[in-house]
Amino acid sequence: MATYKEIRGTNIEVLSSDPSNPITGQVWYNSTDNVLKGFYDNPGSWATGGTLNSARGNFAGAGIQTAGIVFGGQPPPAVAITESYNGTNWTEVNDLNLGRMNLGGGGTQTAGLAWGGLAPSPSGGPPNGNCNQTEKWNGTNWTEVNDLNTSRRNISGAGIQTSALGFGGYQDSGGPPTSEFFALTESWNGTNWTEVNDLNYGKNNLAGAGNSNTAALAFGGNHTPSPAGLAQTELWNGSNWTEVNDLNQARYGVAVAGADSTAAVAFGGFNPPYTAITELWNGSNWTEVNDLNSARSNIGAAGTSTAAIGFGGSYPPGTPRFNATEDWNGVSWQETADMNTARNTAGMGTSTNAIGAGGSVPPYTGIAEEWAVPGNITKTISTD
């Protein structure tokens, strides 16, 4: 068997402290700690976490990998189920007062907000009732608070429990495809929704970013029931929406990472066709950067504009869902460890500690997976 010197070209070094920039495969003896150490590059990995108690998709969620919450969703009829995650297991907690799917949501595990969505019809038929109900979560119970002024589903938004913005969306008329695609914007101050100035363009299935009701970004989406996507980008300053520079690629169903209206990364989506295009927003312009390795839509996303992950997703109907995971370092995407189960999914957390929960395989699933910390790792080999 080859010796370390034969492999690396040098003997194991004896050092008083760990080297500042070791390379993968390097081994050294730390004379201060009296331990043998090695260094390797860990691309990250998925580990199957606790499974949701109720298999479903099209829900809303909030929080982080070790303290998350998901609520609502489907399969039909829409449900009110709420589940809380402690980093190991999902626990069913008190339900929403109104079951619904395609709702807006935000906040944290102990201070959440749910608004709008699509609720079951009073007759028990298909879930085709647009709703305006808003509910607050205090870590134990949901409480009905003041409604949105206009009922709708697929409403996008930004913010937290005490300061949020809801915009765009769709209201099914129940008849021919003459449904409204809304430009309506409502601002939440912790107590009431107030109609404020509209988006410049009505749209559905759009993406949003922002951390309050005073600064938000809205982009992409579609304007009619046809497949055509939009490139429009609008910036909210607390009073008005201003049309700013468009996405370079019109699309809807685009994934976004970054909660700040001045810095975001948008990737994937559908125009048609499905796309791998990635664009960076710097507060003024979108810049096309390196593509995803796999074109897809409905991707789970977590992280920031400079450190993100994209996972799962879908391609044309009838084809298998994706399980590919890609890691974004601010410059390019790197394919890393696949999810254990291919699916559309929802994500929360950061690029180093994320969770993908539920979604459609199909059928709907309750599987949750945790993303282990990627990056460079110094590991103790021996204490002898």
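If you're wondering where the values come from, they're calculated on a predicted model, not measured in any experiment.

Focus: the overall build of the protein
A tally of helices and strands in the protein yields one helix and 36 strands. The buried share of the protein, taken over its 384 residues, is 50%. A separation of at least 24 residues holds for 49% of the contacts in the protein among residues at least 6 apart in sequence.

Describing the sheet that holds strand β8 (residues 90–93)
Taking strand neighbours across the sheet as the criterion, the four strands line up as β5-β6-β7-β8 in an open arrangement whose pairing is antiparallel. One side of each edge strand has no neighbouring strand; the edge strands of this open sheet are β5 (60–64) and β8. Mean inter-strand twist for the sheet, computed between neighbouring axes without regard to direction, equals 20°.

What to know about the packing of aromatic side chains
Taken as a whole, this structure holds 13 aromatic pairs when the rule is applied. Considering the side-chain rings of W236 and W241, the 5.3 Å spacing of their centres and the 45° angle between planes classify their relative orientation as tilted. There is no split in this pair, since W236 and W241 are both buried. Ring centres 5.6 Å apart and planes at 80° place the aromatic pair Y252 and F270 in the edge-to-face group.

What to know about the pattern of salt bridges
By the definition in use, this model includes five salt bridges. With a closest N to O distance of 3.0 Å, E186 and R152 form a salt bridge. Of the two residues, E186 is situated in strand β19 (residues 185–188) and R152 in the loop between β14 (142–145) and β15 (156–160); the sequence distance between them amounts to 34 residues. Judged by relative accessible area, which is 0%, E186 ranks as buried. The class for R152 is buried, based on a relative accessible area of 0%. Taking the shortest distance from any N to any O, the salt bridge between E326 and R296 comes out at 2.9 Å.

With respect to the side chain of K203
Within the secondary structure layout, K203 lies in the loop between β20 (193–196) and β21 (207–210). Residue K203 is classed as buried on the basis of its relative accessible area, which comes to 0%. Reaching out from K203, the side chain makes a polar contact with the side chain of E234 at a distance of 3.2 Å. Discounting residues that sit within four places of it in the chain, K203 has contacts with G168, G169, F181, F182, G220, N222, L230, Q232 and E234.

Notes on unusual backbone geometry
Along the chain, N271 connects to P272 via a cis peptide bond; the corresponding omega equals -5°. For the peptide bond that leads from P272 to P273, omega is 0°, which places it in the cis range. Here P273 lies in the loop between β26 (263–267) and β27 (278–281). Unusually for a residue other than glycine, N34 sits at a positive phi of about 60°. Structurally, N34 is set in the loop between β2 (27–30) and β3 (35–42).

Brief notes about the sheet that holds strand β23 (residues 233–236)
Spatially, the four strands line up as an open sheet ordered β21-β22-β23-β24, and their pairing is antiparallel. Of all strands in the sheet, those with a lone pairing partner are β21 and β24 (241–244), marking the two edges. Taking the axes of each pair of neighbouring strands and ignoring which way they run, one obtains an average angle of 20° across the sheet. Relative to β23, strand β22 (residues 216–219) runs antiparallel, the two sharing four bridges. Its bridge partner being in β23, A218 is matched across the sheet by E234.

The rules behind each value
Residues numbered from 1 in each chain as written. Predicted model: local features only at pLDDT ≥ 70, side-chain atom pairs only at ≥ 80, totals over all residues. Heavy atoms only, no water. Helix = DSSP H or I, 4+ residues; strand = E, 2+ residues; numbered from the N terminus. Buried < 20%, exposed > 50% of the residue type's maximum accessible area, 1.4 Å probe, protein only. Contact = heavy atoms within 4.5 Å. Pairing = 2+ DSSP bridges. Axes fitted to C-alpha atoms, helices over the stretch in contact; angles between N-to-C directions. Phe/Tyr/Trp six-rings, centres within 6.5 Å; stacked < 30°, edge-to-face > 60°. Salt bridge = Lys/Arg side-chain N within 4 Å of Asp/Glu carboxyl O. Polar contact = N/O pair within 3.5 Å; in protein donor to acceptor, adjacent residues only side chain to side chain.

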